[in-house]
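# Structural features, examined
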Amino acid sequence: MGQEGGGASGRGLCHGPAGLGDEDGLPVASLGVLGPWQQQGMADSAQAQKLVYLVTGGCGFLGEHVVRMLLQQEPRLCELRVFDLHLGPWLEELETGPVQVTAIQGDVTQAHEVAAAVAGAHVVIHTAGLVDVFGRASPETIHEVNVQGTQNVIEACVQNGTRFLVYTSSMEVVGPNIKGQPFYRGNENTPYEAAHRHPYPRSKALAERLVLEANGRKVRGGLPLVTCALRPTGIYGEGHQIMKDFYHQGLRLGGRLLRAIPASVEHGRVYVGNVAWMHVLVARELEHRAPLMGGQVYFCYDNSPYKSYEDFNMEFLGPCGLRLVGSRPLLPYWLLLFLATLNALLQWLLRPLLLYAPLLNPYTLAVANTTFTVSTDKALRHFGYEPLFSWEESRARTIRWVQAGEDSTQ
Ligand SMILES: NC(=O)C1=CN([C@@H]2O[C@H](COP(=O)(O)OP(=O)(O)OC[C@H]3O[C@@H](n4cnc5c(N)ncnc54)[C@H](O)[C@@H]3O)[C@@H](O)[C@H]2O)C=CC1
Ligand SMILES: C[C@@H](CO)CCC[C@@H](C)[C@H]1CC[C@H]2[C@@H]3[C@H](O)CC4=CC(=O)CC[C@]4(C)[C@H]3CC[C@]12C
């Protein structure tokens, strides 16, 4: 595994898009007279291993699954660049495989670091982001990472002739909105008033718009950029820190969690392995279905059941020995809202002294307390997506991970 500090090199036999001289901008240089479409038939052979992928945020919860999924499911991969502010030690175990894994410690807000990492890549999967709905980071920082960082990725693709960009957006781009209106089993075309005040959903919405508007821009060499955005609902699975936090909280309370949200409020959830699989499929199919998929958004979905946030968590925490107390919320909503507001006030008062960022605040309460679920088959229709993991398997894997009690996803 190569380790880099803000740049990428040592690409071995991979050929970057700029040096191809192929009309479609596809990676055919080292395949002699074969055209791009013929390459597809060779996908399983070692000769076809010519693609360079870059995953930003590749050491995060989702990013790690995307990285591992690419190594398992993308036979044309030659080099995989993993770009993150903080590199994970698990990257080292990947160095024995046939694909060159290049770890790049870098910051998406630094345009030159992003440009260096993108140079020579065929596909960029941009999952890096500041996921903060708890007030840990300032609104300016969230904007800088999520919006300016995404703009840097787009510009780097344009400068370097990289044609395929997949962006990890979020359900939060749509809602729940500030009015708390329910979004009940909606799809990508369901009308909904997306209005946000919170910095995280605002930043994701702005970044998603940048990505979609960049579709069709000419990249170096004159070919069009093809972009699309995936919108996961609440992701769960191995590595989901908040799930672990609830588990430990339950253990501290003698094996109990207290119901705060009515069981009737549905919150969309999707297994991390399926979200990663969707990214891999989209990245692969963008090349072949650019006119259909370019500039599109897709909700990430699978067969996980529709439940409230807490009832869904109990699917995993129950088998780990926890119990959710109460068939109805134990505290009235007004009291929860009061506590959430108090938390926000304390956060503001204590900010000069310390960071107080509990899970409960007016925004997280609103998200957990508003129905937001998706029901769509757009990804199936556009690029043949079907979940790789059944609900039973997703559940079993997540339970195993919670029980293992470690922080690794494996
Ligand atoms: N966790 C969830 O339920 C959902 C997450 N998403 C999106 O999925 C993506 C991944 O989220 P998670 O894996 O949950 O979060 P995460 O925090 O585990 O991963 C984000 C990764 O981005 C990296 N990163 C942050 N700032 C960076 C910077 N300036 N430069 C380079 N790398 C940076 C972090 O170090 C981290 O490894 C994010 O874009 C998020 O908005 C979307 C929907 C739901
Ligand atoms: C009121 C509490 C009583 O137990 C429960 C508070 C739970 C919250 C911390 C979570 C409820 C819903 C979660 C969010 C949701 O899954 C959608 C998200 C999408 C993203 O893109 C990022 C993460 C998140 C905002 C997620 C964050 C945690 C919750 C607010």
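Residues numbered from 1 in each chain as written. Chains lettered and ligands numbered in written order. Predicted model: local features only at pLDDT ≥ 70, side-chain atom pairs only at ≥ 80, totals over all residues. Heavy atoms only, no water.

The name given to the protein in an unreviewed UniProt entry is 3 beta-hydroxysteroid dehydrogenase type 7, with the source organism recorded as Sus scrofa. Turning to the protein, the UniProt annotation filed under Subcellular location (unreviewed entry) states: "Endoplasmic reticulum membrane". The Sequence similarities (unreviewed entry) field of the UniProt record for the protein holds the comment "Belongs to the 3-beta-HSD family." (UniProt positions renumbered as here; feature names shortened; annotations may be inferred.)

Another point: the nonpolar core. One finds Tyr-53, Leu-70, Leu-80, Ile-125, Leu-317 and Phe-383 to be the most contacted residues of the largest nonpolar core, which totals 70 residues. For this core, the element with the highest residue contribution is helix H7 (residues 272-286), accounting for 10 residues. If sequence neighbours within four positions are ignored, Tyr-53 has contacts with Leu-70, Glu-74, Leu-77, Glu-79, Leu-80, Arg-81, Val-123, Ile-125, Ala-283 and Arg-284. Within the second largest apolar cluster, 29 residues are counted, among which are Ala-128, Ile-154, Ala-156 and Val-297. (Core = buried A, V, L, I, M, F, W, Y, C linked by side-chain atoms within 4.5 Å. Buried < 20%, exposed > 50% of the residue type's maximum accessible area, 1.4 Å probe, protein only. Helix = DSSP H or I, 4+ residues; strand = E, 2+ residues; numbered from the N terminus. Contact = heavy atoms within 4.5 Å.)

Our focus in this paragraph is the UniProt feature "domain: 3-beta hydroxysteroid dehydrogenase/isomerase" (unreviewed entry) in the protein. Within this numbering scheme, the UniProt entry marks residues 54-324 as carrying the feature "domain: 3-beta hydroxysteroid dehydrogenase/isomerase" (unreviewed entry). Here residues 54-324 is 37% helix and 20% strand, with 42 Å between the C-alpha atoms at its ends.

Attention now goes to the packing of aromatic side chains. Throughout the structure, instances matching the rule amount to 15 aromatic pairs. Taking 6.3 Å as the distance between ring centres and 70° as the angle between the ring planes, the aromatic pair formed by Tyr-236 and Trp-391 counts as edge-to-face. Of this pair, Tyr-236 sits in strand S9 (residues 234-236) while Trp-391 sits in helix H13 (residues 391-404), and the two are 155 residues apart along the sequence. The exposure class of Tyr-236 is buried, given its relative accessible area of 0%. With relative accessibility at 14%, the residue Trp-391 sits in the buried group. An aromatic cluster is defined as three or more aromatic residues linked by ring pairs; in this entry it consists of Tyr-236, Tyr-271, Phe-312, Phe-316, Phe-389 and Trp-391. Over the ring of Trp-401 we find Lys-244; its NZ or CZ atom is 3.7 Å from the centre of that ring. Sitting above the plane of the Tyr-298 ring, Lys-378 keeps its charged end 5.0 Å from the centroid. (Phe/Tyr/Trp six-rings, centres within 6.5 Å; stacked < 30°, edge-to-face > 60°. Lys NZ or Arg CZ within 6 Å of the ring centre and 35° of its normal.)

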